[in-house]
Structures are given as C-alpha cells and as structure tokens.
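Letter by letter, the chains look like this.
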Amino acid sequence: MGKIKNDKEYCPDEKRCLEYPRNCPECGSNSLVNDYSKGEIFCANCGLVIAEKLIDPGSERRAFDSEQAAKRIRTGASMTHRIHDKGLSTSPIKFFFGAKTGWQNRLRDAQRRTYTQTSSERSFVFALGEIDRMGSGLRLPECLKEDTAALYRKAMEKHLIRGRSIEGITTALLHIVCRQYGVSRSLKEVTEISRVGQKEINRARHFLLQKLDLKVSSASPIEFVPRFCSILNLSEETKSYTIEIIKRAIETGLTNGRDPTGTAAAAIYIAAFLNNEHRTQKVVASTCRVTEVTIRNRYKEISQGLQIDRYSSIKNSGQKNKKIRG
DNA sequence: AAGACGAAAGTGGTTGA
DNA sequence: TCAACAACTTTCGTCTT
C-alpha cells in the first residue's frame, strides 16, 4: 500500500474519525475505503493510505439478532467519570467462578492494593462515593451524577480540592449541576442529605463557581411546582394554575429577592384553595420545606399584587364568591 | 380542636463601604 | 472585615371555622 499521509489514531466513537478527510488529499478522489481487515483507510483511486492502525469497534463475528450482537461485542462498558480510573481497569475477580483458590485470592488482594495508589486517588474514590450516595438520596438522574463527577475531576486537575472538605466540594458541585440541568433541588434539600453544613457548602459553591468559571441561573419557583404538587397529590389543573400564578408574580416583580420555594409554596396554596383541592398551610409548608409564616407572607403579597381575591382574571369559572382570608 | 393569622424576636445570608 | 439590611424562621397568643 502507498505512503502514509496521516498517522492519527482512530477515533473509537465514529466509523470514520471526523478528523480524516472525505476526499483523498493526493488525487482529490472521494473513493476512500475503510479496510478493517488491515486496519487502514486508503484511497481506491491512487492507493494513498490516509490512516492506519484502526480499531474495528464492531462485533467479533456476524450477529443475527441484538442479543448475539451484544454477546459478541469486543469492547467493554463505556468510559465513565463515576469511576476514579474512568472504568478502564479490570478485576481478576470477574473471571473467577465458584470458590476462590489461594492464588486467586492473592491476585485479587494485589489488584485491590494497586486499585488506588495516591492519596488524591483515594480521596477521589471517596468523593465519587459521596456523589453517588447523595445523588441517589436526592433521586437524581445518572447523567447528572456523571456530570458532577466530571466537574470534580476538573476541580481536582486544577488543584482546587486540596485543603477543602471533600463533602463540601461534592455537595456544592452536585447543587451546581442540578442548577445547570434545571433540576429542582433547593440548597436546603441538598444540605439535608450532605454530611456538612449549609455554610460550608455555600462557601465551596462560591469558590467553585469562581474558579471553574461556571454560570448558573437562580432557581425559578416554577421548577419546584411539579414535584411539590405531586407530593401533595394535586391535580394537573391545579399544577398549571400554580404555574400561571407564578408566571404572573414574576412578571409583576413579586418574586424578586424571594426564596423560590416559598413563592412556589404560596402559589400552590392559593391554586389548590381556588381549585377546591385545599391543603393546609402546615402540609404545604412541610412539603416545600418552608414555614407557615413564609407561606402566609408570600401569599399575602401575591394575592394583593395579583388581586387574587378578585381573581376573575386568573380563574373565572363559577367560584367568584370564594375568597382567601387576609 | 384544627387551622389561620399576626406580632415580636432571633438567625443567617448578602451587600457595600 | 464589619455593619446594615432584607428575608426567613421560631414562638406564641388570638381569632375563625
């Protein structure tokens, strides 16, 4: 085969790496061929080798169904940030079936000793455990935990962890990623499941936002509505009604500087009341993790600001005699 | 009796000097 | 770093349903 023009490694994510040209750089022909038997991409016209040492990511042999394809695949699980070495190591234990013999146990122990070598690796393993524990406790999706782990790795590479509490950093990162994903978990909720206090988390959060140059928007009360309404067993109508109230409150500037969970709680309280699904302040407060006083203060502001006691503009079907006290 | 209301005092976070 | 401020919480007595 001809000259080697490009010796870049094959990108395993694509059939043909995007870095490789679509046309032959020598003759301009577009008849480039992937030859997996030789591990090369070459031009069928002039014979120039565009790339070599390609890895065939496909199955070992022909497969006639998805089950066979899965069995015959030659690659392992995808890389993940949630394992300290991105899941690239392997364990001899996996390949031993039944009772372990002496040499198998010795091999396993030796492998465990080499699993984490440095103290930073060990603390990283601990941090990943914390991310997994808190993520599961907060019922967060796997992708969110993955991103948190990736951010922790980034912070570690920038030497931002040393001298700070791992729990504080992991909790702060988890909350930051929640905000980036628009997942409604208040700082209070995240703090409840963390092993450190809110003060420590807040400090770490400010530090990381600054050092990692991250931007997170402040939480909107609307984000909390679906989850709170679900816990309170409220109807879809009440939920959309709550969102309508909040949208109008935001437009009117009634939510400025206010705790979004307090605003959400008050809007839920009002909407449920007006929609004949009344929930007591006590129940709404405990669900939304605010006090009854906060609900009272917020709903007083909202009901006055939006004139909800007249509420014909918000809801106008057959409930005109109802009025919330206050 | 339960739920709602409002006042007062205390707490912790934010902001600007 | 610190004081001032606004938001929020806790507590408690009172009122309403």
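*Asks:* Would you mind showing me how to read the sheet that holds strand β2 (residues 40-43) here?
*Replies:* Across a sheet, paired strands are connected by hydrogen bonds in the backbone, their directions being either parallel or antiparallel. Strand order in this open sheet of three strands is β1-β2-β3, and the pairing throughout is antiparallel. The open sheet terminates on both sides in strands that have one partner only, identified here as β1 (32-35) and β3 (49-51). Across the sheet, the mean angle separating the axes of adjacent strands is 30° when strand polarity is ignored. As paired strands, β1 and β2 are joined by four bridges and run antiparallel to one another. Paired with L32 across the bridge in β2 is C43.

*Asks:* Where do I start with the environment of A264 in this structure?
*Replies:* Looking at the secondary structure, you find A264 in helix α10 (residues 260-274). Overall, A264 belongs to the buried group, its relative accessible area being 0%. Along the sequence, A264 and C229 sit 35 residues apart, while their C-alpha atoms lie 9.8 Å from each other. The contacts of A264, once residues within four sequence positions are left out, are P221, F224, F228, T242 and I246.

*Asks:* Mind showing me how you'd approach the packing of helix α8 (residues 221-231) against α10 here?
*Replies:* The axes of two packed helices give the description: the angle between them and the distance between them. Closest axis-to-axis distance for the α8/α10 pair is 9 Å, and the angle between their directions is 55°. Classified by the angle between their axes, α8 and α10 sit oblique to one another. In this structure, the crossing between α8 and α10 has a hand that is right-handed. Within the contact between the two elements, α8 uses P221, F224, F228 and C229 and α10 uses P260, T261, T263, A264 and I268. The class makeup of the residues in the contact of α8 with α10 is seven nonpolar, two polar and no charged.

*Asks:* I tried to follow the packing of aromatic side chains on my own but got confused; where do I start?
*Replies:* The description of two aromatic rings rests on the distance between their centres and on the angle between their planes. The final tally for this structure, using the stated rule, is three aromatic pairs. A centroid spacing of 5.5 Å and a plane angle of 5° characterise the contact between F124 and Y152, whose relative ring orientation is stacked. Taken together, the residues span a long stretch of sequence, with F124 in helix α3 (residues 119-137) and Y152 in helix α4 (residues 142-157) at a distance of 28 residues. Here Y269 and Y299 contribute two aromatic rings whose centre-to-centre distance is 5.2 Å and whose plane-to-plane angle is 35°, an arrangement assigned as tilted. With Y269 in helix α10 and Y299 in helix α12 (residues 292-305), the pair connects residues that are 30 residues apart, well separated along the chain. There is no split in this pair, since Y269 and Y299 are both buried. A cation over a ring is seen here: R164 above F207, with NZ or CZ 3.5 Å from the ring centre.

Parameters at a glance
- Residues numbered from 1 in each chain as written.
- Chains lettered and ligands numbered in written order.
- Predicted model: local features only at pLDDT ≥ 70, side-chain atom pairs only at ≥ 80, totals over all residues.
- Heavy atoms only, no water.
- Pairing = 2+ DSSP bridges.
- Helix = DSSP H or I, 4+ residues; strand = E, 2+ residues; numbered from the N terminus.
- Axes fitted to C-alpha atoms, helices over the stretch in contact; angles between N-to-C directions.
- Buried < 20%, exposed > 50% of the residue type's maximum accessible area, 1.4 Å probe, protein only.
- Contact = heavy atoms within 4.5 Å.
- Parallel < 35°, antiparallel > 145°, perpendicular 65-115°, else oblique.
- Left-handed = near helix turned anticlockwise from the far one by under 90°.
- Nonpolar A, V, L, I, M, F, W, Y, C, P; charged D, E, K, R; others polar.
- Phe/Tyr/Trp six-rings, centres within 6.5 Å; stacked < 30°, edge-to-face > 60°.
- Lys NZ or Arg CZ within 6 Å of the ring centre and 35° of its normal.

Nothing here speaks to function; it is geometry throughout.
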